[in-house]
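Descriptive structure summary
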Amino acid sequence: MEIKFAETEEDLKKCLEVIQALRPHLTLDRFLSLVPEMKKESYRLAFIEENGKAVSACGFRYMTTLFECRYIYIDDLSTLPEARGKGYAGALFDFVVEMAKEEGLPAVHLDSGHQRFDAHRLYLNKGMKIVYHHFRLEI
């Protein structure tokens, strides 16, 4: 299974359906305008194809905080419903963890919605621990 980075607009368009499985509100135009802005903040989008179609994707960025210093934060980890159960998300997760290890980073972080039970099972099976509550104030 080959993991690629979405470097071109064509790659991003290929990944849109996978990202929309997680972020259904995103339109193509919004996605194509947001990713370049996010790339300025170190965002990278890795993906796996099956028969020329992106079936799983993982968007992540490097973050630096006073608490943990520098680490990788996974923004998006998604697989098309019909491609689930084939190990794609796990492979992308492992890929990001290996990047963090190679760079000597102390951790990989992510937030996940309460209702995403299958995703939580993957994260817990990969050794992640639930260590925070994430708060949000809508304005």
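Above this note sits the structure.
A brief report on the enclosed structure follows.

What counts and what doesn't
- Residues numbered from 1 in each chain as written.
- Predicted model: local features only at pLDDT ≥ 70, side-chain atom pairs only at ≥ 80, totals over all residues.
- Heavy atoms only, no water.
- 1 Å grid on protein atoms, 1.4 Å probe; cavity = no way out; pocket = protein on both sides within 12 Å on 5 of 7 lines; lining within 4 Å.
- Points joined across faces, edges and corners; volume = space filled by probe spheres on them.
- Helix = DSSP H or I, 4+ residues; strand = E, 2+ residues; numbered from the N terminus.
- Nonpolar A, V, L, I, M, F, W, Y, C, P; charged D, E, K, R; others polar.
- Pairing = 2+ DSSP bridges.
- Axes fitted to C-alpha atoms, helices over the stretch in contact; angles between N-to-C directions.

Take the layout of surface pockets next. What the largest pocket holds in volume is close to 950 Å³. Around the largest pocket sit 26 residues that line it, and Leu110, Asp111, Lys129, Ile130 and Val131 are the ones nearest its centre. Mapped onto the lining of the largest pocket, the elements with two or more residues apiece are strand 4 (69-79), helix 3 (88-102), strand 5 (108-110) and helix 4 (117-125). Contributing to the lining of the second largest pocket are 20 residues, with Thr79, Arg84, Ala89, Asp118 and Ala119 lying nearest its centre. At the level of elements, helix 1 (9-22), strand 4, helix 3 and helix 4 are the ones that each hand at least two residues to the lining of the second largest pocket. Of all the elements, helix 4 adds the most residues to the lining of the second largest pocket, at six residues. The residue inventory of the lining of the second largest pocket, partitioned by class, reads 10 nonpolar, five polar and five charged.

Below, the discussion takes up the sheet that holds strand 1 (residues 3-5). Read from one edge to the other, the open sheet built from five strands follows the order 1-2-3-4-5, with strand pairing classed as mixed. The sheet is open, and its two borders are formed by strand 1 and strand 5, each paired with just one other strand. Averaged over all pairs of adjacent strands, the angle between strand axes in this sheet comes to 35°, irrespective of strand direction. Pairing of strand 4 with strand 5 involves three bridges; the strand directions are parallel. For tyrosine 73, the partnering residue across the bridge sits in strand 5 and is histidine 109.

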